[in-house]
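Inside the fold
The residues making up each chain are set out below.
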Amino acid sequence: MKLRIRGTTVLCVRRDGKVVLAGDGQVTFGQEVLKATARKLRRLYNDRVLAGFAGSTADAFALFSRFESKLEQHNGNLARSVVELAKDWRTDKILRHLEAFLLVADLKNTFLLSGSGDVIEPDEEVAAIGSGGAIAKAAATALLRHTSLGARQIVEEAMAIAGAICIYTNSQVSYEELG
């Protein structure tokens, strides 16, 4: 059995002109928690873009750097930058072997990016990646539909639920917010 470094839940919620991105801090190797306080979120392009990663840490740092270059090259145009990064990720001999997902957002858009060249703009005001992503997304979606909580409160509650259910997600959550 090949042991992999695993773990992460990154969640993005939009509501009332605010965008909140959250990421837990757990990094796991097999059955061992290697780190509980990893920072998986970044503020990019003059603090106007939020980005979070799931997957290999070294790969994610390489992608953050490449993505930041794309944002600079395209004057902060998030949609164009993610498409250009996805093209490179899919076609570059080194990049296409990176094992990570990115979740990025600005005040207007949210995108999920994968190494297979996928650029996905969610239909709803919530998106998530990582091992606990589906749990966090389900919780956040229910809270968006059935409460008047703000984006930050929704993210806090959804991440707490994911942390209680997913063994690869912990309660050491960091947050970034726009708006």
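No experiment lies behind these values; they were computed from the predicted model shown.

Attention now goes to the sheet that holds strand β6 (residues 41–44). Pairing in this open sheet of five strands is antiparallel, and the strands run β6-β7-β8-β9-β10 from one edge to the other. The two strands at the open ends of the sheet, each matched to only one other strand, are β6 and β10 (119–120). Here six bridges tie strand β7 (residues 49–55) to strand β8 (residues 100–105), and the two strands are oriented antiparallel to one another. Residue Gly52 lies in a different strand from β8, and its bridge partner there is Leu103.

Before going further, it helps to examine the pairing of strand β2 (residues 9–15). Among the seven residues of β2, seven are classified as buried, and the element is accordingly described as predominantly covered. Alternating residues of β2 divide into Thr9, Leu11, Val13 and Arg15 and Val10, Cys12 and Arg14, and every residue in both groups is buried. Bridge count for β2 against strand β11 (residues 126–130) is five bridges, and the pairing is antiparallel. Across the sheet, residue Thr9 finds its bridge partner in β11, namely Gly130. Across six bridges, the pairing between β2 and strand β3 (residues 18–23) is antiparallel. From the neighbouring strand, Leu11 faces β3, where its bridge partner is Ala22. Count of turn residues in the β2/β3 antiparallel hairpin: two residues, of which Asp16 carries a positive phi of about 50°.

In a packed pair of helices, the relevant descriptors are the angle between the two axes and the axis-to-axis distance. Contact pair helix α1 (residues 57–73) / helix α2 (residues 78–91): the axes reach a minimum separation of 9 Å and the direction vectors enclose 135°. Classed by the angle they form, the pair α1 and α2 counts as oblique. For the element pair α1 and α2, the recorded crossing hand is right-handed. Where α1 approaches α2, its residues Leu63, Arg66, Phe67, Lys70 and Leu71 are matched on the opposing element by Leu78, Ser81, Val82, Glu84, Leu85, Asp88 and Trp89.

Here we take up the nonpolar core. Most often, soluble globular proteins have nonpolar side chains that are buried together. Phe67, Leu78, Leu102, Val104 and Leu113 are the most contacted members of the largest nonpolar core, which totals 19 residues. Elements that contribute at least two residues to this core include exactly β7, α1, α2, β8 and β9 (110–114). Among the elements that make up this core, the one with the highest residue count is α1 (five residues). When sequence neighbours within four positions are dropped, the list of residues in contact with Leu78 reads Val49, Phe67, Leu71, Val104, Ala105, Asp106, Asn109 and Phe111. If you look at the next biggest cluster of nonpolar residues, it comprises 17 residues, including Ala22, Leu143, Leu144 and Val155.

What counts, and where the lines are drawn
Residues numbered from 1 in each chain as written. Predicted model: local features only at pLDDT ≥ 70, side-chain atom pairs only at ≥ 80, totals over all residues. Heavy atoms only, no water. Pairing = 2+ DSSP bridges. Helix = DSSP H or I, 4+ residues; strand = E, 2+ residues; numbered from the N terminus. Buried < 20%, exposed > 50% of the residue type's maximum accessible area, 1.4 Å probe, protein only. Axes fitted to C-alpha atoms, helices over the stretch in contact; angles between N-to-C directions. Parallel < 35°, antiparallel > 145°, perpendicular 65-115°, else oblique. Left-handed = near helix turned anticlockwise from the far one by under 90°. Contact = heavy atoms within 4.5 Å. Core = buried A, V, L, I, M, F, W, Y, C linked by side-chain atoms within 4.5 Å.

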